[in-house]
Amino acid sequence: MNDKSTWAFGTRQVVYGAIGAALYGVFSWATNIFPLPAAGNVTFRPAVAVLIFFGAAYGPWVGLLAGFIGNTLGDALSGWGFYWNWSLGNGLMGMVAGLAMAAIKDFRAQADIIKAVGWGLAGIVVGMLFASLTEMITGGIDLNTALIGYFTPAVIGNAVVTIILVPILMIAFAAVAAGRGR
Amino acid sequence: MLVTWKYRRRNTIIQRLDPRTRLVFFVFVILALTIPDIWDLRIILPLFAVSLTLFLLSRIEWKDIRRILPYMFILVFFIVGLNGLLSGRGGPSSVTNLPSPVVFEVPIKIPFTDIGWDIPITVSKMWFAITQITRMFTMAMLVIPIPYTMDPNIYGTAFKRMGASDKVSFTMDLAFRFLPTFARDFTITMDAQRARGYELEKLKGGLVGRLQRLAPLIIPVVMQSTVTGEEVIDAMDLRAFGTKPRTWLRDNLKYAGRDYVLLGLGVAIFILCCVLKWGFGIGGYFVPEFFLNLFV
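To keep things clear, this report deals only with the structure shown in the data block. Fair warning: this is a prediction, and the values are worked out from it, not measured in the lab.

1. Observations regarding the overall build of chain B
Along the backbone of chain B there are 14 helices and 2 strands. Along the three orthogonal principal directions, the C-alpha set of chain B runs to about 75 × 60 × 35 Å. In chain B, which comprises 296 residues, the share counted as buried stands at 47%. By element, 64% of the accessible surface of chain B is carried by carbon and sulfur atoms, the whole surface being about 15500 Å². A distance of 4 Å separates the average location of the 34 positive side-chain charges in chain B from that of its 22 negative side-chain charges.

Encoded structure:
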């Protein structure tokens, strides 16, 4: 199912990095068209689950590329522009989630699903913390606004989406991979 | 197809620029505003004028941006501007630390009680909101035209020529090529699910239920893409991808005189902002006398 060398960067990583980025871009754009309202300024981006899944399935380089390029594409498609720190934060989110790859043997096993979700949550914290703190430099906000206004809502929204959708994606992926025999 | 790139050939001076020039110039403007921490509207306004000029030179039609601009205005005016006006936060500490006359107070209280706060709106906060809005628009207006005016097929080449590796550049290029395909797959899946009675606009139930019900839209597209990926990998491996330097790079990406002019302008803006701030102490936040006099 996977090439288990975590830090390899070959054709597989190039292709799945691109696919992950395109999917992340499309789903981010779609979320903007059909927003999922939530409490306060917390918004849900189901695309994040796809990013975490690609990291867990194909490794940290794929997660990094999918997050960075995908966020850039999603922002560009929605007309927001380019925010390098949020794109890099999304890349870090996918990269840390990708560290789960070597530990996952069966995408259907409960323990492996928990590992993927756990690394995904760690990735969300690292990525969103980076993006929120660098916003102090790029946007000139203070620490309170960075942590309360940006970091907390982003982590809550992304964590909920990851916990709910990543297990579904992993079980579906196990079925597809078993069917293809690779 | 749901998504096609909004890019169109327009025969404008902006489109005749090398794509690298535009990306590098954008980076210089961001660095000029953020590294020396510029909050002086006398410096931001000329930069805003440069951004606005480049935006207008892009000659993007109104019909292309009419859905995006309201988002931008809501974000900048109501979220950033209002936040600056009420809290004075989002900028240097001098906005709230320096003594400034109170113009009026905004009561934020629990209805029918006296529990809450009266938030003072000072002259300093008002000037800061104007500065913050202008600063954000200065940066945003350089980026908005990119999807409309830069050929998507040239992104990979541009990044390669800017120093990215073959593999990273090709990932970039491939992502742009996959994008319309997956957008089309997403549309087909959405239509197919609707035909089966799936009501996208009426996602009822709690949060968990709502997110779970998105699975019929997301799973088919993602799983199909993993299958497609294996086929693309096989095709690329058969063509010995990654064994030798790439041959797909375009040769027609060359800097012209106009590129050097814009790059020079970018460098000059960055150096000027640094010199003004660190050499002459100009560029920090302050409220001009005329604005103060309007309220005192």
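Anyway, onward from the coordinates.
2. Description of helix α13 (residues 257-280) of chain B
Residue and element names in this part refer to chain B. Here α13 spans 32 Å end to end across 24 residues, near enough to the 34 Å set by a 1.5 Å rise per residue. Where α13 is concerned, the buried positions are Asp259, Leu262, Leu263, Gly266, Ile269, Cys273, Cys274 and Leu276. For α13, the secondary structure elements touched by its buried residues are α2 (19-34) and α3 (41-57). Looking one or two places after α13, you find Gly281, whose phi comes out positive at around 70°.

3. Overview of the packing of helix α2 (residues 47-58) of chain A against helix α12 (residues 215-238) of chain B
Where α2(A) meets α12(B), the axes come as close as 12 Å, and the angle between the chain directions of the two elements is 30°. α12(B) is crossed by α2(A), and the crossing has right-handed handedness. In this structure, α2(A) contributes Val50(A), Phe53(A), Phe54(A) and Tyr58(A) to the contact, and α12(B) contributes Ile218(B), Val222(B), Met223(B), Ser225(B) and Thr226(B). Considering only residue class, the contact of α2(A) with α12(B) consists of 7 nonpolar, 2 polar and no charged.

4. Things to note about empty space enclosed by the protein
All names here are of chain B. Summed over all chains, the structure comprises 2 cavities of 30 Å³ or more. Its boundaries defined by the atoms lining it, the largest cavity holds a volume of some 130 Å³. As for the largest cavity, its lining consists of 13 residues, and the residues nearest its centre are Ile14, Arg22, Phe25, Leu54 and Leu142. In terms of residue count, α2 provides more of the lining of the largest cavity than any other element does, 3 residues in total. Broken down by class, the residue content of the lining of the largest cavity amounts to 11 nonpolar, 1 polar and 1 charged.

5. Looking at the packing of helix α10 (residues 166-195) of chain B against α12(B)
Residues and elements named next belong to chain B. Between α10 and α12, whose axes approach to 10 Å, the crossing angle comes to 140°. Considering their axes alone, α10 and α12 lie oblique with respect to each other. The interaxial crossing formed by α10 with α12 has right-handed handedness. Of α12, the residues touching α10 (which contributes Phe170, Leu174, Phe178, Phe182, Asp185, Phe186, Thr189, Met190 and Gln193) are Pro216, Leu217, Pro220, Val221, Ser225, Thr228, Val232 and Met236. Residue composition of the contact of α10 with α12, grouped by class: 12 nonpolar, 4 polar and 1 charged.

6. Describing the pattern of salt bridges
All names here are of chain B. This model, assessed by the stated rule, comprises 9 salt bridges over all chains. In this structure, Glu61 and Arg8 form a salt bridge, with 3.0 Å as the shortest nitrogen-oxygen distance. Highlighted residues: Glu61 in the loop between α3 and α4 (62-65) and Arg8 in the segment before α1 (13-16), separated in sequence by 53 residues. When its relative accessible area of 33% is taken as the criterion, Arg8 is described as partly exposed. Linking Arg42 and Asp40 is a salt bridge whose minimum nitrogen-to-oxygen distance equals 2.7 Å. Taking relative accessible area as the criterion, Arg42 reaches 55% and is therefore assigned exposed. Residue Asp40 is classed as buried on the basis of its relative accessible area, which comes to 2%.

7. Some remarks on unusual backbone geometry
Residue and element names in this part refer to chain B. Positioned with a positive phi, Asp37 is a non-glycine residue whose angle comes to about 55°. Position of Asp37 relative to the elements: it lies in the loop between α2 and α3. Classification of Asp37 as partly exposed rests on a relative accessible area of 32%.

Cut-offs applied
- Residues numbered from 1 in each chain as written.
- Chains lettered and ligands numbered in written order.
- Predicted model: local features only at pLDDT ≥ 70, side-chain atom pairs only at ≥ 80, totals over all residues.
- Heavy atoms only, no water.
- Helix = DSSP H or I, 4+ residues; strand = E, 2+ residues; numbered from the N terminus.
- Buried < 20%, exposed > 50% of the residue type's maximum accessible area, 1.4 Å probe, protein only.
- Areas by Shrake-Rupley, 256 points an atom, 1.4 Å probe, with all protein chains shown as cover.
- Lys, Arg positive; Asp, Glu negative; His and termini not counted.
- Charge placed at Lys NZ, Arg CZ, Asp CG, Glu CD.
- Expected span 1.5 Å × (residues − 1).
- Contact = heavy atoms within 4.5 Å.
- Axes fitted to C-alpha atoms, helices over the stretch in contact; angles between N-to-C directions.
- Left-handed = near helix turned anticlockwise from the far one by under 90°.
- Nonpolar A, V, L, I, M, F, W, Y, C, P; charged D, E, K, R; others polar.
- 1 Å grid on protein atoms, 1.4 Å probe; cavity = no way out; pocket = protein on both sides within 12 Å on 5 of 7 lines; lining within 4 Å.
- Points joined across faces, edges and corners; volume = space filled by probe spheres on them.
- Parallel < 35°, antiparallel > 145°, perpendicular 65-115°, else oblique.
- Salt bridge = Lys/Arg side-chain N within 4 Å of Asp/Glu carboxyl O.

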